[in-house]
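Architecture and fold: a report
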Amino acid sequence: GTLIDVGANVGMICIPTKRHAPGIDVYAVEADSENFECLRMNAFRAGIPSIVLFERAAFRCESVMEFERSSENSGDHRIRIKKTDQRRELYNESSRTATQIQASALDSMIPLSGLKSPVILKCDVQGAEAVVLAGAVKLLNLVDVVIIEFWPYGLKRFGADLEELLSFFSQFHYGARFDYMDVTSIRLVPIHELVGQLRQFYANDTGIKHYDLVLSKKSF
């Protein structure tokens, strides 16, 4: 099949996956230049240079974006749309160093013809998930399973449209949420049940709390 790893960081997901299943095709998207260099070197040292790497952010369209970098957590660099009230910040984000990065839609980065099935899309982009999926309308028609983070604080700070994001989720027929990735804990429910749970979770946001989600077009 095919793995599309958006927010690939240094390759903690895509490199072991490719090593375990050499026959899959892997596309890895990472916006931060330092993370990307580690990703490139890790793939080389693992002996799997066939991973296709993109040094850019996934977005709804071609753009140049402001990108804030965390000095403490290389997994928490984020696209910045606007500065927010510092009194409501958990991580003092407004003080972060910002740089300019290139952003593109997944529909323009990933070759849509000939993708090997099943197609798995993993997306962890610190609140920018809705705009990533908005740039993947064609790709989502081909995706069988999505693994994605749902973090209300990150979504709200980004200014994400919750209903837009949930409408993308609703293209899949089943879903599951859990606090940590454990294959034994995955219990798929009809997607409308999951969407209802996520709306309630979003409304009762506790800040650092998040879920990992699995969305699937088929039950398994």
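From a predicted model like this one, the values you see are computed outputs, not experimental measurements. Position numbers for residues start from 1 in each chain and track the written sequence from start to end. Residue-level local features of this predicted model are given only where pLDDT is at least 70; pairs of side-chain atoms are given and counted only at 80 or more, and the full residue set underlies all totals for whole chains, interfaces and linings. In computing side-chain values, all of the structure's heavy atoms are included and hydrogens and water are not.

Between the rings of Phe, Tyr and Trp (Trp by its six-membered ring), a pair exists once the centres lie within 6.5 Å; its type follows the angle of the planes, with under 30 degrees stacked, over 60 edge-to-face, and the other angles tilted. One pass over the structure, following the stated rule, counts six aromatic pairs. Among the aromatic residues, those joined into a cluster by ring pairs are F150, F169, F201 and Y211. In this structure, K156 is placed above the aromatic ring of Y202, and the distance from its NZ or CZ to the ring centre is 4.6 Å. In this scheme, Lys NZ or Arg CZ marks a charge over a ring once it lies within 6 Å of the ring centre and within 35 degrees of the ring normal. Here R177 stacks its cationic end above the ring of Y211, 4.5 Å away from the centre of that ring.

The next thing to look at is the sheet that holds strand β2 (residues 25–30). Hydrogen bonds between backbone atoms are what pair the strands of a sheet, whose relative direction is either parallel or antiparallel. Strand pairing is assigned whenever DSSP detects at least two bridges linking the two strands. Helix and strand assignments come from DSSP, with helices taken as H or I runs of at least 4 residues and strands as E runs of at least 2, each series counted from the N terminus. Across the sheet, eight strands lie side by side as β3-β2-β1-β8-β9-β12-β10-β11; this open sheet has mixed pairing. The sheet terminates laterally at β3 (52–55) and β11 (189–190), the two strands that pair on one side only. Sheet topology note: the strand β1 (residues 2–6)/β2 ladder contains five bridges and is parallel. Bridged to V6 within β2 is V29. Helix-sheet contacts for helix α2 (residues 33–45) involve β2 and β3, and the interaxial angle to β3 is about 165 degrees. Here helix α7 (residues 162–169) sits on the sheet and contacts β9 (145–150) and β12 (211–216); the angle it forms with β9, its principal contact strand, is near 155 degrees. Every residue pair with non-hydrogen atoms within 4.5 Å of one another is taken to be in contact. Structural elements are reduced to axes, namely lines fitted to C-alpha atoms, with helices fitted over the stretch in contact, and the angle between N-to-C directions of any two is expressed from 0 to 180 degrees.

Strand order in the open sheet formed by four strands is β4-β7-β5-β6, and the pairing between neighbours is mixed. Each having just a single partner strand, β4 (57–58) and β6 (78–80) make up the two edges of the open sheet. Relative to strand β7 (residues 97–104), β4 is paired through two bridges, and the arrangement is parallel. Paired with A57 across the bridge in β7 is A103.

Let us now look at the pattern of salt bridges. Salt bridges are counted wherever a side-chain nitrogen of Lys or Arg sits within 4 Å of a carboxyl oxygen of Asp or Glu. One pass over the full model with this rule turns up 17 salt bridges. Residues K116 and D25 are paired through a salt bridge, measuring 3.5 Å at the closest nitrogen-oxygen approach. Note that K116 is positioned in the loop between α3 (106–109) and β8 (119–123) and D25 in strand β2, a separation of 91 residues in sequence. Type-normalised accessible area, obtained with a 1.4 Å probe on protein chains alone, sets the label of each residue: buried when under 20%, exposed when over 50%, and partly exposed for intermediate values. What makes K116 partly exposed here is its relative accessible area of 33%. Notably, a salt bridge pairs R157 with E68, separated by 3.2 Å at the nearest N-O pair. Here R157, found in helix α6 (residues 152–158), pairs with E68, found in strand β5 (residues 63–69); they are 89 residues apart in sequence, far enough to count as distant.

Right, let's talk about the pairing of β5 for a bit. Along any regular strand the residues' side chains alternate between the sheet's two faces. Pairing of β5 with β7 involves seven bridges; the strand directions are antiparallel. Opposite R69, over in β7, you have T97 as the bridge partner.

A few words on the nonpolar core. Inside soluble globular proteins, nonpolar side chains tend to come together where they are buried. V6, L106, F150 and F169 are the most contacted members of the largest nonpolar core, which has 54 residues in total. Looking at this core element by element, the count peaks at six residues for helix α8 (residues 191–203). Remark: nonpolar core denotes a set of buried residues (Ala, Val, Leu, Ile, Met, Phe, Trp, Tyr, Cys) joined through side-chain atoms within 4.5 Å. If you look at the next biggest cluster of nonpolar residues, it comprises 12 residues, including C14, I15, V26 and I48.

A word on unusual backbone geometry. A cis amide bond links S117 to the next residue, P118, at an omega of 0 degrees. By secondary structure assignment, the location of P118 is in the loop between α3 and β8. Even without glycine at this site, N9 takes up a positive phi of about 55 degrees. Counting through the fold element by element, N9 comes out in the loop between β1 and α1 (14–20). Given the relative accessible area of 12%, N9 is considered buried. Notably, Q126 is not glycine yet its phi reads approximately 55 degrees, a positive angle. Counting through the fold element by element, Q126 comes out in the loop between β8 and α4 (129–134).

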